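These are the residues of each chain, in order.
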Amino acid sequence: MNTRSHYDVAIIGAGMSGLAAGIRLAHFGKKVCIFERHNAVGGLNSFYSIAGRKFDVGLHAMTNFVRPGVKGTPLGKLLRQLRIDRDEFALCEQKQSRIAFGPRGECSLRFTNDFAVFESEVVAAFPAQADGFRRLAAAVRTFDDVSLDAAPMSAREAVRRHISDPLLEDMLFCPLMYYGSATERDMEFGQFVIMFKALFLEGFARPFEGVRVVLRVLLAKYRAAGGERRMKCGVQKISAHAGRASAVILDSGEEITADHVISSIGAPETDRLLAASAGEPTTAAPTLSFVETISMLDRQPAELGWGSDTIVFFNDSTRFDYVRPTEQVDPRSGVICIPNNFDYGADRVLPEGIFRVTCLANYDRWATLPEADYQADKLRWFPEVQRSARRFLPPLASDDALVAATLTTDMFTPRTITKFTGHLGGAIYGATVKHRQGRTSLDNLYLCGTDQGFLGIVGAMLSGISMANYHILQKG
């Protein structure tokens, strides 16, 4: 039983970044405790069970995958810093993914974990942009995206120095935004570079058992290093004195003191913990959120004729409109994920088919609905989201083929995200303004995770590591 009331480091939130920060600090003998309000670790990348069936949330794929022996990559750094053998994650590569634009995906760019495939697709579809695309890729490779002091700049402006075709521009931005942008219509160029490298220069992979494998490994490393965690034990406020965090006050009213506090729950959410002691929060709540439909099938998706696509990023409009929709959901664009289509090895297939579709959503349109209306609207939007996505996959033998193959379904909304993670506005990618150095208004309170600026599962863990190193370990 945990009885300590003072720690070297208190970490708020047991998401990927919080767990990684805890492991790194515990390895160096720090007395560290992670405080988590909910009963499951992982935050935005976790899983839940219904009737014995497990559903991943968040994880479509781990980005930044590279094969063994490739040096100087985020995945290699992560494994080294957390003392994880790459076989422990048991990552299996994607087969192939696509970016599909047009009413039925008439313009399509295929990509794999081999960047040459994507480059050849771009050159074939946009021959006049070939040299510009190669210059852009070279600029991405040489840009220092991990600098904590880099000045922000518009990614749209940077990309337009090399790419003049608006369609290609939008096709490049679509997957990067859907997998990492908290900003409407544009990205900060450093964020663009991080995601371009993660998706196109490196690639996608997934453990056979999904996100549970990653979480098991992290928890085992944290326990072995001597870290403590308190589940169903949220922080209600952060007390401050003389410009420092003096204590965290738990939901129970218990006061915990620490030399350092790391918050992995997001900048506006952390701001509200401070505001509980000091007054009104100053950080604006995020605006971008999503819905996702999940269908569990009695057969492999390939048996429906859906081929080998792992992830499909789709958009049916003239331009890609990555903005908060005015309606509850914008089904014009989104992401299809078929976890069965990773290369798990010969004769190894997931026991059930999985078909996931993600689209932009409006948090305010979902947040305050009476329960009956909320459930009715989920039932109304579920088939609409799936109908939109199916336009970008090979047609089924009949309109009711998917229904006939479906064992069960589920759907999460922005309201679900806030309920189970505490993220304001149902946000996945946090606030629009990132804090690269992780600093806050208090000298010993630091941010890690999405609002520190690193993206994806690997990026989140690297954020926790970098903040632990930069603010605590390097200062002795």
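Everything numeric here is computed off the predicted structure, so don't read it as measured data.

Rules used in this analysis
Every chain begins its residue count from 1, and numbering advances along the sequence as written. It should be noted that, the model being predicted, local features are given only for residues of pLDDT at least 70 and side-chain atom pairs only at 80 or more, the latter also being counted only at that level, while totals for whole chains, interfaces and linings use all residues. Only hydrogens and water are removed before side-chain values are computed, so all heavy atoms of the structure are retained for them. The pairing criterion is simple: DSSP has to find at least two bridges between the two strands. Helix and strand assignments follow DSSP, with helices taken as H or I runs no shorter than four residues and strands as E runs no shorter than two, numbered in order from the N terminus. Axis definition: a line fitted to C-alpha atoms, limited for helices to the stretch in contact. Angles are taken between N-to-C directions and run from 0 to 180 degrees. Whether two residues touch is decided by their heavy atoms; if any such pair falls within 4.5 Å, the residues are in contact. Note on angle classes: values under 35 degrees are labelled roughly parallel, values over 145 roughly antiparallel, values of 65 to 115 roughly perpendicular, and the remainder oblique. Put simply, Ala, Val, Leu, Ile, Met, Phe, Trp, Tyr, Cys and Pro go in the nonpolar bin, Asp, Glu, Lys and Arg in the charged bin, and everything else, Gly too, in the polar bin. Helix crossings get a hand from a simple test, with the near helix turned counterclockwise from the far one by less than a right angle marking a left-handed crossing and a clockwise turn marking a right-handed one. We define a nonpolar core as any set of buried Ala, Val, Leu, Ile, Met, Phe, Trp, Tyr and Cys residues linked to one another through side-chain atoms lying within 4.5 Å. Per-residue accessibility, obtained with a 1.4 Å probe over protein chains only, is compared with the maximum for each type, and a residue is labelled buried under 20%, exposed over 50%, and partly exposed between these values. The span one expects for a helix is its residue count, reduced by one, times 1.5 Å. In this scheme Phe, Tyr and Trp rings, the latter by its six-membered ring, pair at centre separations within 6.5 Å, and the angle between planes marks the pair as stacked below 30 degrees, edge-to-face above 60, and tilted otherwise. For a Lys NZ or an Arg CZ to count as sitting over a ring, it must be within 6 Å of the ring centre and within 35 degrees of the ring normal. Each polar contact in these results corresponds to two N or O atoms within 3.5 Å; when the atoms are within protein, one needs to be able to donate a hydrogen and the other to accept it, and residues that are neighboring in sequence are counted only if both atoms are side-chain atoms.

Student: Could you give me a rundown of the sheet that holds strand 7 (residues 107-111), with the residues and numbers involved?
Tutor: Strands sit in the order 7-6-14-15-16-13-17 across an open sheet of seven strands; the sheet is mixed. Two strands bound the open sheet, and with one partner strand each, they are strand 7 and strand 17 (406-412). Mean inter-strand twist for the sheet, computed between neighbouring axes without regard to direction, equals 20°. Of the strands in this sheet, strand 13 (289-297), strand 16 (353-361) and strand 17 touch helix 14 (residues 414-421), which is tilted by about 95° from strand 13.

Student: Before we move on, could you go through the packing of helix 5 (residues 130-142) against helix 8 (residues 189-202) and cite the residues and values that matter?
Tutor: Here helix 5 crosses helix 8 at 110°, and the two axes come no closer than 10 Å. By the angle between their axes, helix 5 is roughly perpendicular relative to helix 8. Packed against helix 5, whose contacting residues are Phe-133, Leu-136, Val-140 and Arg-141, the element helix 8 presents Phe-192, Val-193, Phe-196, Lys-197 and Leu-201 at the interface. Class assignment for the residues of the contact of helix 5 with helix 8 results in seven nonpolar, no polar and two charged.

Student: Account for the packing of helix 1 (residues 16-27) against helix 15 (residues 456-473), with residues named and values stated.
Tutor: One way to put it is that helix 1 packs onto helix 15 with a least axis distance of 7 Å and a crossing angle of 40°. Considering the angle they form, helix 1 stands oblique to helix 15. For the element pair helix 1 and helix 15, the recorded crossing hand is right-handed. Counting all contacts with helix 1, which are made through Met-16, Ser-17, Ala-20, Ala-21, Arg-24 and Leu-25, the residues of helix 15 involved are Ile-457, Ala-460, Met-461, Gly-464, Ile-465, Ala-468, Asn-469, Ile-472 and Leu-473. Here the contact of helix 1 with helix 15 is composed, by residue class, of 11 nonpolar, three polar and one charged.

Student: I'd like a rundown of the nonpolar core, residues and numbers included.
Tutor: With 105 residues, the main nonpolar core has Phe-118, Phe-192, Phe-200 and Phe-313 as its most contacted residues. Setting aside residues up to four positions removed in sequence, Phe-200 forms contacts with Ile-99, Phe-111, Phe-115, Phe-118, Leu-172, Pro-175, Leu-176 and Met-195. Residues Val-291, Leu-297, Ile-336 and Val-357 belong to the second largest nonpolar core, which totals 28 residues.

Student: Can you lay out the pairing of strand 14 (residues 309-315) for me, pointing to particular residues and giving the numbers?
Tutor: Counting buried positions along strand 14 gives seven out of seven residues, so the element sits mostly inside the fold. The pairing of strand 6 (residues 96-101) with strand 14 spans five bridges and is parallel. In the sheet register, Phe-101 faces strand 14, and the bridge partner there is Asn-315. Taken together, the five bridges between strand 14 and strand 15 (residues 329-337) define a ladder with antiparallel strand orientation.

Student: Outline the environment of Phe-89, supporting the account with residue identities and numerical values.
Tutor: Inspection of the secondary structure assignment puts Phe-89 in helix 3 (residues 86-89). Separated by 125 residues in sequence, Phe-89 and Val-214 place their C-alpha atoms 6.0 Å apart. Leave out the neighbours within four places in its chain, and Phe-89 touches Leu-78, Leu-79, Ile-84, Pro-207, Val-213, Val-214 and Val-217.

Student: Just give me the short version of helix 15, but keep the residues and values in it.
Tutor: Between its terminal C-alpha atoms helix 15 stretches 24 Å, which fits the 26 Å expected from 18 residues at 1.5 Å a residue. In terms of residue burial, helix 15 counts as a mostly covered element, since 15 of its 18 residues are buried.

Student: Provide a residue-level description of unusual backbone geometry, including the pertinent values.
Tutor: Of note in this structure, Ala-90 is not a glycine but carries a positive phi near 50°. Structurally, Ala-90 is set in the loop between helix 3 and strand 5 (91-93). For Ala-242, which is not glycine, the phi torsion reads 55° and is therefore positive. Looking at the secondary structure, you find Ala-242 in the loop between strand 10 (235-241) and strand 11 (244-250). Among the residues examined, Ala-242 registers a relative accessible area of 68% and is labelled exposed.

Student: Please provide a residue-by-residue account of the packing of aromatic side chains, values included.
Tutor: Scanning the model with the defined rule gives 30 aromatic pairs in all. Measuring from centroid to centroid gives 5.9 Å for Phe-111 and Phe-204, while their planes differ by 65°, and the two rings are edge-to-face. Here the residue Phe-111 occupies a position in strand 7, and Phe-204 occupies one in the loop between helix 8 and strand 8 (205-207), the gap between them amounting to 93 residues. Taking 6.0 Å as the distance between ring centres and 40° as the angle between the ring planes, the aromatic pair formed by Tyr-178 and Phe-320 counts as tilted. A residue pair is termed long-range when its members are at least 10 positions apart, and Tyr-178 in helix 7 (residues 166-178) and Phe-320 in the loop between strand 14 and strand 15 qualify at 142 residues. Phe-320 shares its class with Tyr-178; the two are buried. A cation over a ring is seen here: Arg-83 above Phe-28, with NZ or CZ 5.9 Å from the ring centre. The ring of Tyr-374 has Arg-415 sitting right over it, with the charged end atom 3.9 Å from the ring centre.

Student: Go over the environment of Arg-86, please, and point to the residues and values.
Tutor: Checked against the element boundaries, Arg-86 lands in helix 3. Taking the relative accessible area as the measure of exposure, Arg-86 reaches 24% and is therefore partly exposed. Between the C-alpha atoms of Arg-86 and Leu-75, which are 11 residues apart in sequence, the distance is 8.9 Å. With near-sequence residues (within four places) excluded, Arg-86 lies in contact with Phe-65, Val-66, Arg-67, Pro-68, Leu-75 and Leu-79. A polar atom in the side chain of Arg-86 sits 2.7 Å from the backbone oxygen of Val-66.

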